[in-house]
Amino acid sequence: MEITVPHAWPSTPQEAEAIQNALRGQVDASGSVTPRTVAGLDVSYAGDGGGVHARVAAAAVVLDAGTLDVVEESVAVGTSDFPYVPGLFAFRELPTLIEALRGLSTTPDLLVCDGYGLAHPRRFGLACHLGIITGLPAIGVAKTAFVGTHEQPGARRGDGSPLLLDGAEVGRVLRTQDGVKPVFVSVGHRVGLDEACRLALALAPRYRLPETTRRADRLSRDRLAAS
């Protein structure tokens with residue numbers, strides 16, 4: 001993939017917040033997509049992952065949206081040079097994730113991030129940022145809530161409840177399998193919330209997490225262990 005990042009990588013939290021504030025107005029929180037290929041994105045950290053200069057492996061795994069078979073894989077190994085600051089976590093992962101995406105010969109129809117989109121203090125999480133940089137539809141599917149309040153959804157697959165922040169729905173708490181813990185779905189770019197939940201369910205036919213996340217997580221962990 002050819003990707004041009006429209007800003008320099010920040011060195012301070014103030015610079016990072018300024019980038020988020022400048023770009024968030026470009027997010028399109030509507031639309032639908034019928035993807036043929038879907039890319040799962042995930043990052044693994046060496047050790048506890050804390051501090052600057054932590055060693056990381058970022059994986060981009062492209063799946064056939066119908067069969068969920070792997071079409072292509074790309075991994076980039078680097079360092080996470082931005083400090084850990086809540087709300088700015090994307091800047092620890094974006095540089096290496098972009099390199100992993102650049103290693104793909106396939107341009108996927110949808111990006112699925114292990115993280116947040118609009119469910120973010122400034123409504124501009126990792127899924128939004130990657131969507132704006134690449135121009136591709138993107139959603140975030142997170143394991144835990146970062147912001148907002150919610151009620152527990154029903155116990156059946158497909159049950160959901162709103163994730164609310166300052167009175168606005170910024171995501172949805174979605175049960176992907178009967179009786180298991182829900183995931184937290186939010187819009188990244190060019191996909192509406194109902195559509196994001198539909199896609200998340202389609203990508204999670206057997207397990208709690210989407211196959212995109214499961215495959216990318218495994219690949220990034222394996223590469224980090226081998227290098």
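Residues numbered from 1 in each chain as written. Predicted model: local features only at pLDDT ≥ 70, side-chain atom pairs only at ≥ 80, totals over all residues. Heavy atoms only, no water.

1. Here we look at the overall build of the protein
Part 1 of the argument: Helix and strand counts for the protein stand at five helices and eight strands.
Part 2 of the argument: Listing each helix as α and each strand as β along the protein from the N terminus yields α-β-β-β-α-β-α-β-β-β-β-α-α.
Part 3 of the argument: Here the C-alpha radius of gyration of the protein, 16 Å, is about what a compact globule of 227 residues would show, namely 17 Å.
Part 4 of the argument: For the protein, the residues scored as buried account for 55% of the 227 residues in total.
Part 5 of the argument: Residue pairs in contact within the protein that sit at least 24 positions apart in sequence constitute 67% of those at least 6 positions apart.
Part 6 of the argument: Carbon together with sulfur atoms contributes 49% to the accessible area of the protein, which is approximately 9700 Å² in total.
Part 7 of the argument: Separation between the mean location of the 22 positive side-chain charges and that of the 25 negative ones in the protein comes to 4 Å. (Helix = DSSP H or I, 4+ residues; strand = E, 2+ residues; numbered from the N terminus. Rg over C-alpha atoms; globule rule 2.2 N^0.38 Å. Buried < 20%, exposed > 50% of the residue type's maximum accessible area, 1.4 Å probe, protein only. Contact = heavy atoms within 4.5 Å. Areas by Shrake-Rupley, 256 points an atom, 1.4 Å probe, with all protein chains shown as cover. Lys, Arg positive; Asp, Glu negative; His and termini not counted. Charge placed at Lys NZ, Arg CZ, Asp CG, Glu CD.)

2. Digging into the UniProt feature "site: Interaction with target DNA" (unreviewed entry) in the protein
Part 1 of the argument: Taking the numbering used here, the UniProt-annotated feature "site: Interaction with target DNA" (unreviewed entry) corresponds to Y84.
Part 2 of the argument: Inspection of the secondary structure assignment puts Y84 in the loop between β3 (70-80) and α2 (90-102).
Part 3 of the argument: Once you skip the residues sitting within four places of it in the chain, Y84 turns out to touch F89 and R92. (UniProt positions renumbered as here; feature names shortened; annotations may be inferred.)

3. Some words on the sheet that holds strand β1 (residues 37-45)
Part 1 of the argument: Spatial strand order, β3-β2-β1-β4-β5-β8-β7-β6: eight strands in an open sheet with mixed pairing. The open sheet has two edge strands, β3 and β6 (160-165), and neither has a second partner. Taken pair by pair, the neighbouring strands of this sheet meet at an average axis angle of 25°, ignoring direction.
Part 2 of the argument: Where strand β4 (residues 110-113) lies against strand β5 (residues 138-142), three bridges are found, and the strand directions are parallel. Paired with L111 across the bridge in β5 is A138. (Pairing = 2+ DSSP bridges. Axes fitted to C-alpha atoms, helices over the stretch in contact; angles between N-to-C directions.)

4. Side note on the pattern of salt bridges
Side-chain pairs of opposite charge can arise where the charged atoms are in close proximity.
Part 1 of the argument: Under the definition given, this model contains eleven salt bridges.
Part 2 of the argument: The salt bridge involving D194 is made with R172; its shortest N-O contact spans 2.8 Å. One end of the pair, D194, is in helix α4 (residues 193-202); the other, R172, is in strand β7 (residues 168-174), and 22 residues separate them in sequence.
Part 3 of the argument: Within this structure, E169, R172 and D194 form a network of salt bridges that share partners. (Salt bridge = Lys/Arg side-chain N within 4 Å of Asp/Glu carboxyl O.)

5. As for the packing of aromatic side chains
Part 1 of the argument: Using the criterion set out here, one finds four aromatic pairs in the structure.
Part 2 of the argument: Where Y45 meets F89, the ring centres are 6.1 Å apart and the plane angle is 40°; that geometry is what we call tilted. Of this pair, Y45 sits in strand β1 while F89 sits in the loop between β3 and α2, and the two are 44 residues apart along the sequence.
Part 3 of the argument: Look at Y45 and you get buried, because its relative accessible area is 19%.
Part 4 of the argument: Judged by centre distance (5.7 Å) and plane angle (45°), the rings of F82 and F91 are tilted. Of the two residues, F82 and F91, neither departs from the other in class, the shared state being buried.
Part 5 of the argument: Sitting above the plane of the Y207 ring, R214 keeps its charged end 3.8 Å from the centroid. (Phe/Tyr/Trp six-rings, centres within 6.5 Å; stacked < 30°, edge-to-face > 60°. Lys NZ or Arg CZ within 6 Å of the ring centre and 35° of its normal.)

6. Here's the deal with helix α5 (residues 211-226)
Part 1 of the argument: When the terminal C-alpha atoms of α5 are compared, their 22 Å separation across 16 residues agrees well with the 22 Å that a helix rising 1.5 Å per residue should span.
Part 2 of the argument: Among all positions in α5, only E211, T212, T213, A216, L219, S220 and L224 are buried. (Expected span 1.5 Å × (residues − 1).)

7. A few points about the state of the cysteines
Part 1 of the argument: Applying the stated rule across the entire model yields zero disulfides.
Part 2 of the argument: Not engaged in a disulfide, the cysteine C128 finds its nearest cysteine sulfur in C113; these two sulfurs lie 9.0 Å apart.
Part 3 of the argument: C128 supplies the cysteine sulfur nearest to C197, a cysteine that is in no disulfide, at a spacing of 14 Å.
Part 4 of the argument: The class of C197 is buried, set by a relative accessible area of 5%. (Disulfide = S-S within 2.5 Å.)

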